[in-house]
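Listed here are the chains, written in short residue letters.
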2 protein chains.
Amino acid sequence: MNDQVYIHFLGTGASVPSLKRGLPAAVIMKDQTGILLDCGEGTQLKLLQAGISAAKIRYIVLSHLHGDHLFGLPGFLTSQQMFQRIHPLTLYAPVGIRSFMDCLMQITGFNPTFPFELVELPADESGSLNFNQFDISYRPLDHKSPCLGYHFKEHNKPGKFDAERAEQLGIPHGPERSRLHNGEAVELEDGRIIEPEQVVESPIPGRTISYCTDTRPCDATVELARGSQILIHDATFTEMHKDRAFPTGHSTAVQAAMIAKNANVEKLYLWHLSMRLDKQGEEQSLSEARSVFPESFIAQDLDSICLNRPQ
Amino acid sequence: MNDQVYIHFLGTGASVPSLKRGLPAAVIMKDQTGILLDCGEGTQLKLLQAGISAAKIRYIVLSHLHGDHLFGLPGFLTSQQMFQRIHPLTLYAPVGIRSFMDCLMQITGFNPTFPFELVELPADESGSLNFNQFDISYRPLDHKSPCLGYHFKEHNKPGKFDAERAEQLGIPHGPERSRLHNGEAVELEDGRIIEPEQVVESPIPGRTISYCTDTRPCDATVELARGSQILIHDATFTEMHKDRAFPTGHSTAVQAAMIAKNANVEKLYLWHLSMRLDKQGEEQSLSEARSVFPESFIAQDLDSICLNRPQ
C-alpha cells in the first residue's frame, strides 16, 4: 500500500473565477482514493489539468451550498455517469443538498447507475464520519449560510514489529505475528498470552488536515483544527479590506493566521482568495499572515503538497 | 454605431470538457451587445479568456436542458449578481428552465437585483423572437431531449442615400433626409410626396447565422438554416462512430455537411465535437465534411469569426 498522502489544490479563488484562480476545490488523495473538498464550477476540468482521474474520487465533502462551492457538482456527476463509472461515490453536504440533487435529476434526467449515496449533514451540529482511511470530525463554522468545517485524521499505522523480540518470545513465523502487528493479542501453543505491546512499537500517528471555509474567525475552527498539520482556512481579504470580511462572513489573512496560531497547527494555507488580489495583493496577504504565523503559505491552483506523518 | 458582427466560439466540445475543448457556448456580438448561445460549465471562465465582458451579454439562448449546455448558467448568473450588474438580461430556453431557476434560487438564495427576464419556449413548436438588432426564428430539432435550433437574421441596414438625386428633387437638408433614409415617405413644403425608394438604394441585407445543436440530421434544420452565411451544426462523430450518432441523438460530420449542402449555406462550422477526437480525428472529421461540403470548418475554442454582410 502506498503510504503517501497528498493535498491537491484545484481551485483556490473566491466567489467568481479569474484567469489565475478557479473556484474552490481540493483533493485529499491517499492510496488511489480521493476525497474531494468542495466542487466549484470547473472542478472536472481542474482535475483533468491536475492529471487526477475523477474515477478515483470516492468521497465528496461540501462545506456549504453557496454556488462557488457547489456549481461544479452537476457536471462532475453527469460526466461520471457518461463515463459509465462503476466505483461507488458518497456525497456529504449540509442539509439542502438533497433538494438540489432532486432538481438536478428532474431537469436533466440524471440518474446514476453507479453506487451513489447522498448524506445530508445538519449544518448546526458537530459530528463525525468514518471514511476508508480517515476519521473525520466536523463543526459548524460562522458564515452567512450554514457551513461546516472538517478535520481529517488519517488512521494510525501500526508501529514497527520487533522481530528480534518476537524470536526471543518464541512467537512462530506466520499469522500470529500479523495479528499482533494489527493490535491483537494471541495465545501461543504453550498457553502464553502475548500482548501486541510486547512486540510492536507505538503506533505511527496519522496525518491531520483541517478544511475551514467559508468562515469568520471563530472558536469552532480553533477546536476543530487544534494541532493539525495543515489548516486550509478562508483568507478572502487583506487588512486593506478587512471591513468587508465580517459582513460577508469571511476572514482576513491575519485572522486566518490568528486561528492557525491559536490552534497550534503546523502550516496554514490561505484559501478562498478574492479575485481582486493581484500579485502584489497576494504578497501583502502572505506578509500579513506571516507577521502573525510564520508558517503561512498561499494555496495556488494545481499546487500539490505531500504530507509527512507527524513526528 | 459599429457595424461588425462577430461570432466568438467559447466551448466547442460535447458532453464532457477536455483539455482542448470546453462545453458548448458561443457569443454573437454586435455593437457591444452579446447573445450567448448555450452556457456549458466553464462559460464564465471562457468569456474571461476571450476578453469578453459578461456585462455585454444581453440575451442568453439555450438550445436544450442537457447539463453540458446548461451547467454554466448558475455560475454565470450568480457572478453577475456578485458584480452588481445593472444591465438587463433575458434568458430564452425550452420549458423546464423555470423549474431549474426556481431550484437555483431556493438552494443558493440567488435573487437577481438586475432586470432579469426568463422566457420559456415550448420546444415542440416553431416560433420567432425579436432581439435588439436581430430577428430570430426557432424550430424543434431532433435530439433525445426537447431541443431548439435558432436562426439569427440581423436587421437590414438602409441603403446608401443618393445625395445628388436628393438635391435634384429639392429635398432640404435636415430631418426629411433622415426620415427618407430610414424608409419613411415625406411630404415637402410644395406638397410633393417623396418615397424613400426615390433617394435610397436597396437595403443592405443583414447577416445570418444558424445554430443547430444537438440534433440528428433533420428537415427542420435545413428549413431553418436555408441560405445562412454561417451554420453551426452538431458534428459529434466521424464516420468511424456513425452508428453511435442516431441512438445518442447526434450527427456525424458528413451528416452536418449534407445539411449544409441542402440548406445552401455559405459556411459550415462543425460543432459539439466528441472529446474522443484527437488531432488526427479532427482532421478526419474535417476531411469527411469537406468531401460533401467544401466550405466546412472546425469550430475551435476561443476562435472568433468576423462576418461580412452578405453580397
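Our subject is the structure listed above.
Every chain's residues receive numbers from 1 upward, in the order its sequence appears when written. To label them, take the chains in the order written and letter them from A, then take the ligands in the order written and number them from 1. Given that the model is predicted, a residue must reach a pLDDT of at least 70 before its local features are reported, and side-chain atom pairs must reach 80 or more before they are shown or counted; all residues, however, enter totals for whole chains, interfaces and linings. As a rule here, side-chain values come from all non-hydrogen atoms in the structure, and water together with hydrogens is ignored.

Undergrad: Summarise the overall build of chain A; cite the residues concerned and give the values.
TA: For chain A, the count of helices and strands is ten helices and 16 strands. Taken over the C-alpha atoms alone, chain A extends approximately 70 × 50 × 35 Å along its principal axes. Among the 311 residues that make up chain A, the fraction classed as buried is 57%. Accessible surface, chain A as shown: approximately 13,300 Å² in total, 49% of it carbon and sulfur. We treat Lys and Arg as the positive residues and Asp and Glu as the negative residues; His and chain ends play no part in the count. The atom standing in for a charge is NZ when the residue is Lys, CZ when it is Arg, CG when it is Asp and CD when it is Glu. Taken together, the 28 basic and 38 acidic charged side chains of chain A have centroids lying 4 Å from each other. Strands are runs of DSSP state E lasting at least 2 residues, helices are runs of H or I lasting at least 4, and numbering of each runs from the N terminus. Exposure classes here rest on a 1.4 Å probe applied to the protein chains alone. A residue is buried below 20% of its type maximum, exposed above 50%, and partly exposed in between. Per-residue accessibility takes into account occlusion by the displayed protein chains alone, with areas from the Shrake-Rupley method and a 1.4 Å probe.

Undergrad: Would you mind going over the sheet that holds strand β4 (residues 57–61) of chain B in detail, with residue names and values included?
TA: Residues and elements named next belong to chain B. Pairing between two strands is assigned when DSSP locates at least 2 bridges connecting them. Spatial strand order, β6-β5-β4-β3-β2-β1-β16: seven strands in an open sheet with mixed pairing. The sheet is open, and its two borders are formed by β6 (116–121) and β16 (304–307), each paired with just one other strand. Taking the axes of each pair of neighbouring strands and ignoring which way they run, one obtains an average angle of 15 degrees across the sheet. Bridge count for strand β2 (residues 25–30) against strand β3 (residues 33–37) is five bridges, and the pairing is antiparallel. Bridged to K30 within β3 is T33. Every residue pair with non-hydrogen atoms within 4.5 Å of one another is taken to be in contact. Between N-to-C directions, angles span 0 to 180 degrees; the directions come from axes that are lines fitted to C-alpha atoms, helices contributing only their stretch in contact. Taken strand by strand, helix α1 (residues 43–50) contacts β1 (5–11), β2, β3 and β4, and its axis lies near 130 degrees from that of β1.

Undergrad: Give a detailed account of the sheet that holds strand β15 (residues 296–298) of chain B, specifying residues and quantitative values.
TA: All names here are of chain B. Across the sheet, which stays open at both edges, the seven strands sit in the order β7-β8-β9-β12-β13-β14-β15 with mixed pairing between neighbours. The open sheet has two free edges, formed respectively by β7 (127–130) and β15, since each of these has just one partner strand. Going across the sheet, the axis of each strand differs from the next one's by a mean of 20 degrees, ignoring polarity. Sitting on the sheet, helix α10 (residues 279–292) is in contact with β14 (267–271) and β15, with an inclination near 165 degrees to β15.

Undergrad: Summarise the packing of helix α9 (residues 253–262) of chain A against helix α10 (residues 279–292) of chain A; cite the residues concerned and give the values.
TA: All names here are of chain A. It is at 8 Å that the axes of α9 and α10 come closest, and there the two elements cross at 30 degrees. Our classification of the angle between α9 and α10 gives roughly parallel. Once α9 is placed against α10, the crossing between them reads as right-handed. Counted together, A253, V254, A257, M258 and K261 of α9 and S285, E288, A289 and V292 of α10 form the full contact between these two elements. Classes in brief: Ala, Val, Leu, Ile, Met, Phe, Trp, Tyr, Cys and Pro nonpolar; Asp, Glu, Lys and Arg charged; the others, Gly included, polar. By residue class, the composition of the contact of α9 with α10 is six nonpolar, one polar and two charged. Oblique is the label for every angle not falling under 35 degrees (roughly parallel), over 145 degrees (roughly antiparallel), or within 65 to 115 degrees (roughly perpendicular). The sense of a crossing depends on the near helix, which, turned anticlockwise from the far helix by less than a right angle, makes the crossing left-handed and, turned clockwise, makes it right-handed.

Undergrad: Which residues make up the packing of aromatic side chains, and what values do they have?
TA: Only Phe, Tyr and Trp rings are paired, with Trp represented by its six-membered ring, and only when their centres lie within 6.5 Å; those with planes under 30 degrees apart are stacked, over 60 edge-to-face, the remainder tilted. Taken as a whole, this structure holds 18 aromatic pairs over all chains when the rule is applied. Seen in terms of ring centroids, F9(A) and W271(A) are 5.5 Å apart; in terms of plane orientation they differ by 50 degrees. Their pairing is tilted. You can see F9(A) sitting in strand β1 (residues 5–11) and its partner W271(A) sitting in strand β14 (residues 267–271), a full 262 residues away along the chain. Residues F114(A) and F116(A) carry aromatic rings whose centres are separated by 6.2 Å and whose planes lie at 80 degrees to one another, so their mutual orientation is edge-to-face. Of the two residues examined, F114(A) and F116(A), each falls in the buried class. In textbook terms, an aromatic cluster arises when at least three aromatic residues are bridged by ring pairs, as seen for F9(A), Y211(A), Y269(A), W271(A) and F297(A). One Lys or Arg, R85(B), reaches over the ring of F114(B) and ends 5.6 Å from the middle of that ring. Whether a charge sits over a ring comes down to the Lys NZ or Arg CZ being within 6 Å of the ring centre and within 35 degrees of the ring normal.

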